[in-house]
Amino acid sequence: MPDFITVVSGLPRSGTSLMMQMLSAGGLPALTDDLRQADESNPRGYFEFEPVKRLRTDRGWLDQARGRAVKIIHVLLRELPTDGTYQYRVILMKRPMEEILASQRAMLKRQGKPSADEAMLAKIYASQLAQVEEWLGSQSAFSFLPVEYHRVLKEPREVAVEIDGFLGGGLEVEAMMQVVDPTLHRERL
């Protein structure tokens, strides 16, 4: 079991749940609580851990994350301790902004909620993601691997091999590939 924390991050609707599925299938335990149930927007589940949302005020759960994968939204990455107590390997999911917004719009519609101002949201998301990438690159406690969502769908074996190498080896690449289901890619450019 690795001594670092594997973090799956990215903008909302960028493929973080798919990456958590891949890691879990590959043999890396996921830190989840199953409170947010699977639904039409994520039929295989969200792979979330509720205490992550309180990362700014409660970090007591981080010891549980060692040797496991945990999903942390991009804006909370800076809340992780950088004092050397923990080392992190971050898989940063990337997806075209138009697809992220379309997927979010479809999810909100299914939930009966209004859509946000997408032009403004796109600017905010792009700025936040650029800042996060710059910050990750400047932190000695973090290594990060950007992973393109479309590449996962088109080249699951190659991506699984890269992730296995990034995380130090030992994952079941074939099992990781098997969870990739391109039919779940519904919001396309």
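Residues numbered from 1 in each chain as written. Predicted model: local features only at pLDDT ≥ 70, side-chain atom pairs only at ≥ 80, totals over all residues. Heavy atoms only, no water.

A. Molecular detail of the sheet that holds strand β4 (residues 142-148). Read across the open sheet, the 4 strands follow the order β2-β1-β3-β4; overall the sheet is parallel. In this open sheet, the two edge strands, each paired with only one partner strand, are β2 (69-71) and β4. Taking each pair of neighbouring strands and ignoring which way they run, the sheet shows an average axis angle of 25 degrees. Judged from the 7 bridges that link them, strand β3 (residues 88-94) and β4 form a sheet pairing that is parallel. Residue pairing in the sheet places L92 in a bridge with P146 of β4. Along the sheet, helix α1 (residues 16-25) contacts β1 (5-10), β2, β3 and β4; its crossing angle with β1, the most-contacted strand, is approximately 155 degrees. Sitting on the sheet, helix α4 (residues 118-137) is in contact with β3 and β4, with an inclination near 155 degrees to β3. (Pairing = 2+ DSSP bridges. Helix = DSSP H or I, 4+ residues; strand = E, 2+ residues; numbered from the N terminus. Axes fitted to C-alpha atoms, helices over the stretch in contact; angles between N-to-C directions. Contact = heavy atoms within 4.5 Å.)

B. Fine view of α4. If you check α4, its first and last C-alpha atoms are 28 Å apart, about what 20 residues at 1.5 Å a residue would give, namely 28 Å. Every buried residue belonging to α4 is among L121, A122, Y125, L129, V132, W135 and L136, and all of these are buried. Buried residues of α4, viewed axially, fall in a sector of 165 degrees; they line one side. Turned more than 90 degrees from where α4 packs its buried face, A119, K123, E134 and G137 sit exposed. (Expected span 1.5 Å × (residues − 1). Buried < 20%, exposed > 50% of the residue type's maximum accessible area, 1.4 Å probe, protein only. Arc of directions from axis to C-beta.)

C. Molecular detail of α1. Of all 10 residues in α1, 8 are buried, a share of seventy percent or more. Along α1, the residues that are buried comprise T16, S17, L18, M19, M20, Q21, M22 and L23. Once α1 ends, the next one or two residues include G27, with phi positive near 110 degrees.

The values are spatial; any link to function lies outside them.
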